[in-house]
Amino acid sequence: MPSITSLDARIVFNSRGSKTIEIDVIADRNFAGRACAPSGASVGKLEAQSFPDNKAEKALAAFNASRKKFIGLDASDTKAVFDALRSIDDTDNYSKIGGSVAYALSIAAVDAAARAQGVPLFKLLKPKGPYRFPFPLGNIIGGGAHAGPGTPDLQEILACPVGAKSVTEALEMNFKLHGEVRKVIESIDGKFTYGRGDEGAWAPNVNNDQALEIAEKAVKNCGYALGRDMALGIDFASSSFWDEKNNVYDYARQGLKRDTGEQIEFANRLMRDYKLAYAEDPVHETDFESMAVLTKKNPRTLVTGDDMLVTNAAMVKKAVKAGACSGAILKVNQAGSLHDALLFAKECTKNNIRIITSHRSGESPDSHISHIAVATGSKMLKTGVLGGERVAKLNELLRMSEYDLIAGMAELSPAT
Ligand code: PGA
Ligand code: ZN
């Protein structure tokens, strides 16, 4: 058992230039693991809270006050680290010690343990196969909370190279499409600045309908059959434009509002017309009923809960009861610790809800999520297309492909 012999934490900066927590864990005095907590811009109401009182300094102080509790624990035992965290912080959302500490500590611990045991992290987390690669789900056009005025209300239009036979091919397809999207934008807007949002997606001055037309045209220009070689997806992130007071989705940038019925109709239409492989948070985070309608109507699309499920096993149970969601986003920092996220993954698998492991819009160059995606049997890995902190995760998939242990791409059978 690789034992935690020392730990250290510091404040560093994420890809948005915001403060975050990074933690080093040493196992058996020799094996160093390190992890840095990411952060979201569109945050679900029930997510773990990154820092006590929103201050990274307070998270650091809380960690320093209690770090001795982790000395001597088995670094590979995610439950032991979780229990120690819980003995310090009994809140539902890690508001005392900070979700950033729960994230960085629990992942740095397994990072150190994997090094101590001389195995790749995915194998430490899931000792027995089969292992499959997730399809990289890349953000190609950004809007909403990730890009400025004039961009689409929809937060992300995504590419999923469903026809790819290998990780290399999948990445090449996404990079090619991302480049082609820029050309299509330029062809309709001679003043396009090549501006990109927080996750590296193009941030054009177009509305939602135009953005989808651009994506579709780029797929065709690349010579890909839509839905067969290359599928599109959308993260509506619709809680961010849900107007709770007036019960409408306020597409302020496009200048229109939709009530719940119209939103369902709109989402249904996009899933059908663009053969979407993936639709995330098409309705706001508490509307399980409408999510169930969309899930039932669109068996070929992964109708996915992000803000709705917040990587929380109890919310999966709620969704299953309602018949909502065929897909579930897994973001460890929404849950807090890695153990919380693995419980969520177990609940999803048990209920045949497909897992999509995801980055956050504020990221570090860490690449643990690539291993977590493989270990949890994720169908997709949502981690952008361009930008050093995004490519780091994609390149890790390439390194992982050197292990004969992983037998090709995930089965992307239609959701039931
Ligand atoms: P976030 O965006 O990291 O800003 O929450 C990603 C997402 O909504 O999926
Ligand atoms: Zn989302």
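What you see is a predicted model, and the numbers here were worked out from it, not measured in a lab. (Residues numbered from 1 in each chain as written. Chains lettered and ligands numbered in written order. Predicted model: local features only at pLDDT ≥ 70, side-chain atom pairs only at ≥ 80, totals over all residues. Heavy atoms only, no water.)

With that settled, the discussion passes to the overall build of the protein chain. Across its full length, the protein chain holds 13 helices and 16 strands. For 416 residues, the compact-globule estimate of 2.2 N^0.38 gives 22 Å, and the C-alpha radius of gyration of the protein chain, at 20 Å, lies within 12% of that figure. For the protein chain, the spread of C-alpha atoms along the principal axes amounts to about 60 × 50 × 45 Å. Partitioning the contacts of the protein chain with sequence separation of at least 6, the portion at a separation of at least 24 is 70%. Summed over its atoms, the accessible surface of the protein chain is roughly 16,300 Å², and 49% of this surface lies on carbon and sulfur atoms. Between the averaged position of the 51 positive side-chain charges in the protein chain and that of its 51 negative side-chain charges there is a distance of 3 Å. (Helix = DSSP H or I, 4+ residues; strand = E, 2+ residues; numbered from the N terminus. Rg over C-alpha atoms; globule rule 2.2 N^0.38 Å. Contact = heavy atoms within 4.5 Å. Areas by Shrake-Rupley, 256 points an atom, 1.4 Å probe, with all protein chains shown as cover. Lys, Arg positive; Asp, Glu negative; His and termini not counted. Charge placed at Lys NZ, Arg CZ, Asp CG, Glu CD.)

In this section: the site of ligand 1. The environment of ligand 1 is made up of 14 residues, and the closest members are Ala 41, Ser 42, Arg 360, Ser 361 and Lys 382. Contact distances for ligand 1 include 2.6 Å between an oxygen atom and a backbone N or O atom of Ala 41. Lys 331 is positioned with one of its side-chain polar atoms (N or O) 3.1 Å from an oxygen atom of ligand 1. Burial of ligand 1 by the protein amounts to 100% of the accessible area it has alone, namely 270 Å². Grouping the constituent residues of the shell around ligand 1 by class yields one nonpolar, five polar and eight charged. Residues from two domains meet in the shell around ligand 1; each of domain 1 (4-118) and domain 2 (131-409) gives at least three. (Near = heavy atom within 4 Å. Polar contact = N/O pair within 3.5 Å; in protein donor to acceptor, adjacent residues only side chain to side chain. Nonpolar A, V, L, I, M, F, W, Y, C, P; charged D, E, K, R; others polar. Domains from an automatic or database assignment.)

One can expect most non-glycine residues to show negative phi and most peptide bonds to be in trans. Residue Pro 130 follows Gly 129 across a cis peptide bond; omega there is 5°. Looking at where Pro 130 falls in the secondary structure, it is placed in the loop between α4 (121-125) and β4 (131-133). Although it is not a glycine, Asp 281 adopts a positive phi angle of roughly 45°. Relative to the helices and strands, Asp 281 resides in the loop between β11 (278-280) and α8 (288-297). Look at Asp 281 and you get buried, because its relative accessible area is 1%. Residue Cys 325 is not a glycine yet carries a positive backbone phi of 80°. Examined against the element boundaries, Cys 325 turns out to sit in the loop between α9 (313-322) and β13 (327-330). Take Cys 325: its relative accessible area is 6%, and that puts it in the buried class. (Buried < 20%, exposed > 50% of the residue type's maximum accessible area, 1.4 Å probe, protein only.)

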